[in-house]
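Structural description and commentary
For reference, the chains in residue letters:
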Amino acid sequence: MPVNGCAVRVIARPGSWIETEAVDQLERTAGRFGMKLAVGLPDLHPGRGHPIGAAFLTAHAVYPQLVGNDIGCGMALFRTNVPAHFRDFDRWTRRLDALERPLDPSLLELASEATHAAGWVDSLGTLGGGNHFAELLKVSEVYDDAFQLPSRKLVLLVHSGSRGLGQSILEGQLREHGDGPLTPDGFALKRYLTKHDAAVGWARDNRRIIGERFLRAIRTTGELALDLTHNSVSVHGEEFLHRKGAAPADSGAVVIPGSRGSHSYLVKPTALAAETDFSAWSLAHGAGRRWKRSECKARLAEKFSSEDLARTSLGSRVICGDRALLYEEAPQAYKDVDGVIEDLRSAGLVTLAAQLTPVLTFKKGN
């Protein structure tokens, strides 16, 4: 369905639930200058003026607000040496308090020179709030062993971004240039892309440091298996590809997390996803929100205490010192990740590599 010459596509099976507001935001964004392709992925949901779970291809225009304030936000997956059967929730809970303390200076050595130059070093190694987390998972099913996930060991998934650095970049951009497009013939675009690239690198380093902090806290070791950015803009030929809550399909395997109370999946993009514009070279980055944050407490408080929400139906535990965040990030607030995966499979975009089951989820404290 074209909008002002821009192709608009929503990838979902008939009957899959996607809010009308999210589709409306997708179509409004598609009508802006330079838009050539707007794709809503199965986790599409409304954002602040622009949808989340979407990818946009533009010519002669870059829109920083489509990337958003958490530039470089993404997922990092680590193999660990924790036996898959091991559960030491009480000790883990005590030790993971370390993630709320000042960073060990030795961990700063993991950050690149560019990250140090970008500033905000005091924020390195911190998750932030919202839907950010660090989670131990068991590899419960392996469908394709080419990715060598350790079925007898736990894995660690870290979701975080560029923290205050990305926020400061977007605020400065909007203050100086408003929400209009940046065009290739202007200095402002080059300056934004330089700052954007630094924030993407900062976020990648941040996930690596968070992972190392987590592993040290529970007295184990591990190694980075993959790192994916899902908030970014990149040069794509002579055009620009914006991803807002969209995982890259052209960079190998993709991890798609569910809520803290559901499975996550490692998937392999097909050639349709990786090599054509059908899904704008992108995949869903998660389950996608079903409820707005402001609605969650009212919907859940009469049925569940915060203690109830610290345990899930899969037997996993949640460490979160922020009671409001426990409700805002409750599994019920998210779409069914299995439905999202089936939408992608039905569209011919992915094949399954592994199913991951949460064991322990750490979120921001007070």
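Everything below is about the structure printed above this text.
Report follows, based on the coordinates.

Basis of the calculations
Residues numbered from 1 in each chain as written. Predicted model: local features only at pLDDT ≥ 70, side-chain atom pairs only at ≥ 80, totals over all residues. Heavy atoms only, no water. Salt bridge = Lys/Arg side-chain N within 4 Å of Asp/Glu carboxyl O. Helix = DSSP H or I, 4+ residues; strand = E, 2+ residues; numbered from the N terminus. Buried < 20%, exposed > 50% of the residue type's maximum accessible area, 1.4 Å probe, protein only. Phe/Tyr/Trp six-rings, centres within 6.5 Å; stacked < 30°, edge-to-face > 60°. Pairing = 2+ DSSP bridges. Contact = heavy atoms within 4.5 Å. Axes fitted to C-alpha atoms, helices over the stretch in contact; angles between N-to-C directions. Core = buried A, V, L, I, M, F, W, Y, C linked by side-chain atoms within 4.5 Å. Polar contact = N/O pair within 3.5 Å; in protein donor to acceptor, adjacent residues only side chain to side chain. Right-handed = clockwise from strand over helix to strand, strands pointing away. Arc of directions from axis to C-beta. Parallel < 35°, antiparallel > 145°, perpendicular 65-115°, else oblique. Left-handed = near helix turned anticlockwise from the far one by under 90°. Nonpolar A, V, L, I, M, F, W, Y, C, P; charged D, E, K, R; others polar.

1. Examining the pattern of salt bridges
By the definition in use, this model includes 17 salt bridges. When the shortest N-O distance is used, the salt bridge between arginine 216 and glutamate 212 registers 3.1 Å. With a gap of 4 residues between them, arginine 216 and glutamate 212 both fall in helix H6 (residues 187-217), about one helical turn apart. According to the relative accessible area criterion, arginine 216 is partly exposed, its value standing at 37%. A salt bridge links lysine 363 to glutamate 329; its shortest N-O distance comes to 3.9 Å. Linking lysine 363 in the segment after strand E16 (350-362) with glutamate 329 in the loop between helix H10 (323-328) and helix H11 (337-346), this pair joins segments that are 34 residues apart in sequence. Accessibility assignment for this pair places lysine 363 and glutamate 329 in one class, buried. Through salt bridges with shared partners, a single network forms among Arg289, Arg293, Glu328, Glu329 and Lys363.

2. Regarding the packing of aromatic side chains
Scanning the entire structure with this criterion turns up 2 aromatic pairs. Between phenylalanine 89 and tryptophan 92, the aromatic rings sit 6.0 Å apart at their centres with planes inclined by 85°, giving edge-to-face as the arrangement. One end of the pair is phenylalanine 89 and the other is tryptophan 92, both in helix H3 (residues 89-95) and 3 residues apart, which spans about a single turn. We classify tryptophan 92 as buried; its relative accessible area is 2%.

3. Description of the sheet that holds strand E2 (residues 6-10)
Spatially, 6 strands are ordered E1-E2-E3-E4-E10-E9 in an open sheet, and the strand pairing comes out mixed. Where the open sheet ends on each side, the last strands, each with one partner, are strand E1 (2-3) and strand E9 (231-236). Relative to E2, E1 runs antiparallel, the two being bridged by 2 bridges. Residue proline 2 lies in a different strand from E2, and its bridge partner there is alanine 7. Most of the contacts of helix H1 (residues 20-30) go to strand E3 (residues 35-45), to which it runs at about 165°, and overall it touches E1, E2, E3 and strand E4 (52-58).

4. So, the nonpolar core
Counting 55 residues, the largest nonpolar core has Leu149, Val255, Leu266, Val267 and Leu283 as its most contacted members. It is E16 that provides the largest number of residues to this core, a total of 5 residues. Once residues within four sequence positions are removed from consideration, leucine 266 is found in contact with Phe147, Leu149, Leu226, Ala253, Val254, Val255, Leu352, Ala353 and Ala354.

5. As for H11
Among all positions in H11, only Val337, Gly339, Val340, Ile341, Asp343 and Leu344 are buried. Among the structural elements, E3, strand E12 (254-256), strand E13 (264-269), strand E14 (282-284) and E16 are those in contact with the buried residues of H11. Near the N-terminus of H11, the side chain that reaches the backbone nitrogen of aspartate 338, with its oxygen 3.0 Å away, is that of aspartate 336. Backbone geometry just after H11 places glycine 348 at a positive phi near 80°.

6. Side note on the pairing of E2
One face of the sheet, then the other: side chains in a regular strand alternate in exactly this way. Once E1 ends, the chain turns through 2 residues before running back antiparallel as E2, passing asparagine 4 with a positive phi of about 50°. As paired elements, E2 and E3 share 4 bridges and run parallel to each other. Note that in E3 the partner of valine 8 across the bridge is alanine 38. Since E2 and E3 lie parallel, the crossover through H1 that links them has a hand, and here it is left-handed.

7. Details of H1
All buried positions along H1 are accounted for by Ala22, Gln25, Leu26, Thr29 and Ala30. Mapping the buried residues of H1 onto a view down its axis gives an arc of 135°, with all of them on the same face. Across from the buried face of H1, at angles greater than 90 degrees, the exposed residues are Thr20 and Arg28. Each element contacted by the buried residues of H1 is listed here: E1, E2, E3, E4 and helix H2 (64-67).

8. Notes on the pairing of strand E5 (residues 74-83)
E5 sits mainly inside the fold: 7 of its 10 residues count as buried. Sheet analysis places E5 next to strand E7 (residues 153-160), joined by 7 bridges and oriented antiparallel. Within E7, the position partnered with phenylalanine 78 by the bridge is leucine 156. Across 7 bridges, E5 lies against strand E8 (residues 222-229) in antiparallel orientation.

9. Looking at the packing of helix H5 (residues 163-177) against H6
Packing of H5 against H6 leaves a shortest axis separation of 9 Å and a crossing angle of 165°. With respect to each other, H5 and H6 are oriented roughly antiparallel. In this structure, H5 meets H6 at a crossing whose hand is left-handed. Two secondary-structure elements touch here, H5 through Arg163, Leu165, Ile169, Gln173, Glu176 and His177 and H6 through Ala188, Arg191, Tyr192, Lys195, Ala199, Trp202 and Asn206. Along the lines of polarity and charge, the residues of the contact of H5 with H6 split into 6 nonpolar, 3 polar and 4 charged.

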